[in-house]
Each structure stands twice: as structure tokens, then as C-alpha cells.
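# Working through the structure, step by step
These are the residues of each chain, in order.
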Amino acid sequence: MAVTHADLEPSRRSTDLGSKIGVLLMILTILCGVFCFVLCLISEATRSEVTWVGTNNKGKGEKYECVYSGSGKTPLLCAAAAFVGLAIAMVVQHTYILIAITKSPPPALATWDPESAPIKYLTWQAGFFFVTTWICFAVGEILLLIGLSVESGHLKNWNRPRPTCLIIREGLFSAAGVFSLTTVFLAAGLYLTALRAQTISQELENVRREVLETSAIFASPPLSPLQGLTTIARENPITRENHAQQPLFVFPQAFSKHSNLV
């Protein structure tokens, strides 16, 4: 069986942003935001309304009193479920991102140049998503709290005429649903920004490791050829003298005879 490069790569930890758990939490957060949006629409459709009726005040003239159209249990339950669901989604998502960033290796992040354009862009993008996420979350939760407080005020004796009645303005629950949906999408943007930063960090770490390995290879001195030779016992070279070696200069015989005559 052939071994591929993917088999040699280390497996992702559960606390990594790019792991299956991180992707699953992001998807669940978006689904929870959509569910909260639907609950807010149900609360908007079933919110309590007021009808003014005139009553005779014992000869003192006609008196107008208000009567609720319902007990408000349905919008109250839907708004409460949306409130709790959005809070759980935000806490789980941001806690996971915080844990993943805390446990991520920081060496490459520490070597980043804060003045470079990509780093400034990622910093501003992460700050924008973080601030806007919590602002939308706070506004949505406040609107839901207002709706809960108003709808819970006439659970009993809701059909009895009253001199004053508190009702929710049209569109309050719808606005809370829009802020809830915006919150989860901004949280997803924050997650993707953190994932992008972690990916760049890993790429920089891999490049730094390759540069160090290459520099270590070229910086090491070359091996001498003599270091690979071993001496074997009784392998000393033997010098032999050749006694029958011819002289280097040999003169012709005729030239020797003429030299003797002289």
C-alpha cells in the first residue's frame, strides 16, 4: 500500500480551528441563530395586542379600558427560548475560539511584522467582527428581555379590563430576530478570520523550518576524503629499489669514441 504525503501529516487536534469539531460548532451556531430568528418571528406573529372598550362609570360618563387579546404565553416561551439559545451559541462559539487560539503554537505569530499590510488587515478584520458581534448580541438580548418583561405582565386575568395596558410595539421581536441572525453570521466571520490567521501562522512556521534546515545543511563543512579511510594491520607500503634502472641520459656510441680521441 502506497504512503501519501497526507498520511505523513500530523492529525489535527480537537482544539484546532480547522478541525471537524470547529467546523461543526460553526455550523451549529449558524443553525441556532436561524432557529432563534424563526422563534422571534413566531413571537412577533403571536404578540399580545390591546382592544379598548368603553364602560359606563355610574353616570359619570363613559370610561375606556383596555383588554389584552391573549395571555402572551406563546410569545413569552418563544422569546425565552430565543434568548437562551442565542446566549448558549455565543458562549460556546467564543469559548472554543479562545481555547483554540490559546493552545495554538505562537512562534510564527510572534515573528509577524505588525506594520505589514496583511497583518493590519487581519487585525482590523478580527477587531471589527469581534466588536460588532457583541454589539448585535447585546442589542438582540436587550430587545428580547423587553419583550419578555412585557409579555409576562398579563399571564393571569388577561381578559379583565384594565385602565392601562403595556404592549410591545410592532417589529420589536422581528428586530431581535434580525440582530440574532446577524450575530451568528458575524461570529462565523470571526471564526474564519481566526482560522485564516492560524493558517498563515502554520505556513510561516513551515517556511522558517525549511530555511533553518537548508541553512544547516549548507553551513556544515564538507567531509574530508581521508575521514572515510581505515587502516588495516600490516598494510604498510613496501619500497623496492630497482638496481637495474637505466641512466636517465644515454649517449650514442659514436659520440663516445670521438670524445676519447680528443
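For clarity, every value in this text was computed on a predicted model and none was experimentally measured. (Residues numbered from 1 in each chain as written. Predicted model: local features only at pLDDT ≥ 70, side-chain atom pairs only at ≥ 80, totals over all residues. Heavy atoms only, no water.)

Attention now goes to the overall build of the chain. Per the secondary structure count, the chain includes 7 helices and 2 strands. Secondary structure elements of the chain, listed N to C terminal, follow the sequence α-α-β-β-α-α-α-α-α. Among the 262 residues that make up the chain, the fraction classed as buried is 30%. Within the chain, contacts between residues at least 6 apart in sequence are counted, and of these 81% link residues at least 24 apart. By element, 66% of the accessible surface of the chain is carried by carbon and sulfur atoms, the whole surface being about 18,700 Å². (Helix = DSSP H or I, 4+ residues; strand = E, 2+ residues; numbered from the N terminus. Buried < 20%, exposed > 50% of the residue type's maximum accessible area, 1.4 Å probe, protein only. Contact = heavy atoms within 4.5 Å. Areas by Shrake-Rupley, 256 points an atom, 1.4 Å probe, with all protein chains shown as cover.)

We now examine the pattern of salt bridges. The full count for this structure, using the stated rule, is 1 salt bridge. Arg-47 serves as the salt-bridge partner of Glu-44, at 3.4 Å between the closest nitrogen and oxygen. The exposure classification of Glu-44 matches that of Arg-47, with both residues buried. (Salt bridge = Lys/Arg side-chain N within 4 Å of Asp/Glu carboxyl O.)

Let us look at the confidence of the model for the chain. Scored by pLDDT, the chain comes out at a mean of 76, with 67% of its residues at no less than 70. Within the chain, the element-level pLDDT minimum falls on helix 1 (residues 5-8), averaging 44, and the maximum on helix 2 (residues 20-45), averaging 92. (pLDDT = per-residue confidence, 0-100.)

The full count for this structure, using the stated rule, is 1 disulfide. Between the sulfur atoms of Cys-66 and its disulfide partner Cys-165 the distance amounts to 1.8 Å. Its torsion about the S-S bond being 90 degrees, the disulfide of Cys-66 and Cys-165 is classed as right-handed. Here the residue Cys-66 occupies a position in strand 2 (residues 62-68), and Cys-165 occupies one in the loop between helix 5 (117-151) and helix 6 (172-219), the gap between them amounting to 99 residues. You'll find Cys-66 and Cys-165 in the same group, each marked buried. Looking at Cys-40, it has no disulfide partner, and the nearest cysteine sulfur is the one in Cys-36, 6.7 Å off. A relative accessible area of 1% means that Cys-40 is categorised as buried. (Disulfide = S-S within 2.5 Å.)

Attention shifts here to the packing of aromatic side chains. Considering all chains together, one arrives at 3 aromatic pairs under this definition. The structure contains a cluster of three or more aromatic residues connected by ring pairs, namely Phe-130, Trp-134 and Phe-137. (Phe/Tyr/Trp six-rings, centres within 6.5 Å; stacked < 30°, edge-to-face > 60°.)

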